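Breakdown of the fold
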Amino acid sequence: MHTNLFSSWRHVFKLDPERELTDEALDAICMSGTDAVLVGGSSGVTYDNTVDLMSRIRRFEVPCALEVSSLEAAVPGFDWYFVPLVLNTPRGEWIAGNQIEAMRKMGPFIPWECTSAEGYIILNPEAEAARLTGADASLGPDAVAAHMYMADRLMRLPVVYLEYSGTFGDMALVSHASKLLTQAQLFYGGGIDDAAKARAAAEVAQTVVVGNVIYDDLEAALSTVQAVHQTPLRTAASSS
Ligand code: 1GP
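Residues numbered from 1 in each chain as written. Predicted model: local features only at pLDDT ≥ 70, side-chain atom pairs only at ≥ 80, totals over all residues. Heavy atoms only, no water.

- An unreviewed UniProt entry lists the protein chain under the name Heptaprenylglyceryl phosphate synthase, with Paenibacillus phyllosphaerae given as the organism.
- You can read under Sequence similarities (unreviewed entry) in the UniProt record for the protein chain the words "Belongs to the GGGP/HepGP synthase family. Group I subfamily." (UniProt positions renumbered as here; feature names shortened; annotations may be inferred.)

1. Quick look at the sheet that holds strand E6 (residues 159-163)
- The 8 strands are arranged E1-E2-E3-E4-E5-E6-E7-E8 in a closed barrel whose pairing can be described as parallel. Recorded for the sheet is a direction-independent mean angle of 30° between the axes of neighbouring strands.
- Pairing geometry for strand E2 (residues 36-39) and strand E3 (residues 64-67), over 3 bridges, is parallel. Within the sheet, the bridge partner assigned to Leu38 lies in E3 and is Ala65. (Pairing = 2+ DSSP bridges. Helix = DSSP H or I, 4+ residues; strand = E, 2+ residues; numbered from the N terminus. Axes fitted to C-alpha atoms, helices over the stretch in contact; angles between N-to-C directions.)

2. Some points on the nonpolar core
- One finds Leu15, Ile57, Phe82 and Met148 to be the most contacted residues of the largest nonpolar core, which totals 79 residues.
- Filtering out sequence-adjacent residues up to four positions away, Ile57 remains in contact with Leu15, Leu26, Cys30, Val37, Val39, Val62 and Cys64. (Core = buried A, V, L, I, M, F, W, Y, C linked by side-chain atoms within 4.5 Å. Buried < 20%, exposed > 50% of the residue type's maximum accessible area, 1.4 Å probe, protein only. Contact = heavy atoms within 4.5 Å.)

3. Remarks on the UniProt feature "binding site: sn-glycerol 1-phosphate" (unreviewed entry) in the protein chain
- Those residues carrying the UniProt feature "binding site: sn-glycerol 1-phosphate" (unreviewed entry) are Lys14, Tyr161, Leu162, Glu163, Tyr164, Ser165, Gly166, Gly191, Gly211 and Asn212 in this numbering.
- Structurally, Ser165 is set in the loop between E6 and helix H6 (171-179).
- Given the relative accessible area of 30%, Ser165 is considered partly exposed.
- The topology assignment puts Gly166 in the loop between E6 and H6.
- When neighbours within four sequence positions are excluded, Gly166 is seen to be in contact with Asn124, Gly190, Gly191 and Asn212.

4. Description of the UniProt feature "binding site: Mg(2+)" (unreviewed entry) in the protein chain
- As annotated by UniProt and renumbered to match this structure, "binding site: Mg(2+)" (unreviewed entry) occupies Asp16 and Ser42. A maximum C-alpha distance of 8.6 Å is found for the annotated residues, which run over 27 residues; spatially they form one tight group.
- If you trace the backbone, Asp16 turns up in the loop between strand E1 (11-15) and helix H1 (23-30).
- Here Asp16 is in contact with Gly40, Gly41, Val45, Leu53 and Tyr215, once residues within four sequence places are set aside.

5. Some thoughts on the site of the ligand
- Around the ligand sit Lys14, Tyr161, Glu163, Ser165, Gly166, Gly189, Gly190, Gly191, Val209, Gly211 and Asn212, and those are all the residues in its vicinity.
- Contacts to the ligand include Glu163, whose side-chain N or O atom sits 2.5 Å from an oxygen atom.
- Here Asn212 contributes a backbone N or O atom positioned 2.8 Å from an oxygen atom of the ligand.
- In the complex, 93% of the free accessible area of the ligand, which totals 300 Å², lies under the protein chains.
- Its residues placed into classes, the shell around the ligand shows 2 nonpolar, 7 polar and 2 charged. (Near = heavy atom within 4 Å. Polar contact = N/O pair within 3.5 Å; in protein donor to acceptor, adjacent residues only side chain to side chain. Areas by Shrake-Rupley, 256 points an atom, 1.4 Å probe, with all protein chains shown as cover. Nonpolar A, V, L, I, M, F, W, Y, C, P; charged D, E, K, R; others polar.)

6. Observations concerning the pattern of salt bridges
- Within this structure, the stated rule accounts for 11 salt bridges.
- In this structure, the salt-bridge partner of Glu101 is Arg104, at a minimum N-O distance of 3.2 Å. Taken together, the residues Glu101 and Arg104, both in helix H3 (residues 97-106) and 3 residues apart, mark about one turn of the helix.
- By relative accessible area, Arg104 is classed as exposed at 63%.
- Each of Lys14, Glu67 and Glu163 takes part in a single network of salt bridges with overlapping partners. (Salt bridge = Lys/Arg side-chain N within 4 Å of Asp/Glu carboxyl O.)

7. Quick word on the pairing of strand E5 (residues 115-122)
- When you tally the buried positions in E5, you get 7 out of 8 residues, the bulk of the element.
- Looking at chain direction, strand E4 (residues 80-86) and E5 are connected through 6 bridges and run parallel. Across the sheet, Tyr81 pairs through a bridge with Thr115, a residue of E5.
- Following the backbone out of E4, through H3 and into the adjacent parallel E5, one traces a crossover that is right-handed.
- Strand direction decides the pairing type here: E5 and E6, joined by 5 bridges, are parallel. Its bridge partner lying in E6, Gly119 is registered against Val160. (Right-handed = clockwise from strand over helix to strand, strands pointing away.)

8. Section: the environment of Ala65
- Inspection of the secondary structure puts Ala65 in strand E3.
- Taking the C-alpha atoms as reference, Ala65 lies 5.5 Å from Phe78; in sequence the two are 13 residues apart.
- With near-sequence residues (within four places) excluded, Ala65 lies in contact with Trp9, Val37, Leu38, Val39, Phe78, Trp80 and Phe82.

Set out below in structure tokens:
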């Protein structure tokens, strides 16, 4: 498998540039032992608040990546760029429309050696991202499987992101999806607010993303780092 900067990431903290975080909290997040900090949000992400957050994170050694959800907020200086494609929406602008518009303007200037696509499958209908993109978030196992074949085998995306933002997902479904991957790296995010949930997600997803709890309960957020790092990923072979 091709090795990317993110190939070894097990635990990631996701920070929203629109939300306030004190220097002390940011220090704790960046020094927590997490494998990376991912900057992104569904709304209110601007060039200014992204630059501001990046420059604060840059005081630390932790790798720092940006999810480029709008061209206006594409800030240079990150270690990696993820361009989200939402796979479970009927609205083409979120699959290849907005991205092509961005390529039209910025294609030659994009740092391609550190940029990759991220295939999102949004599975919480209440998530802001689901509302924004019109995603059909109530997919059953067969539909999720179809999306995995599409993302992993047909499109050969390097990352598939099962996004339950705001609620803890169905780990049986995530496990089922994970086993269908042949080359993509599975990111799971949503509702992890304690070590037990972090462990459950780490068993079935290669990369576990922790977001909201950072702003609600910093200590609980920090506890997820060790929980993930101490949990072996259950592979298809060992769990069948
Ligand atoms: C959000 O997947 C991440 O994009 C994390 O979800 O905020 O619910 O932790 P939470």
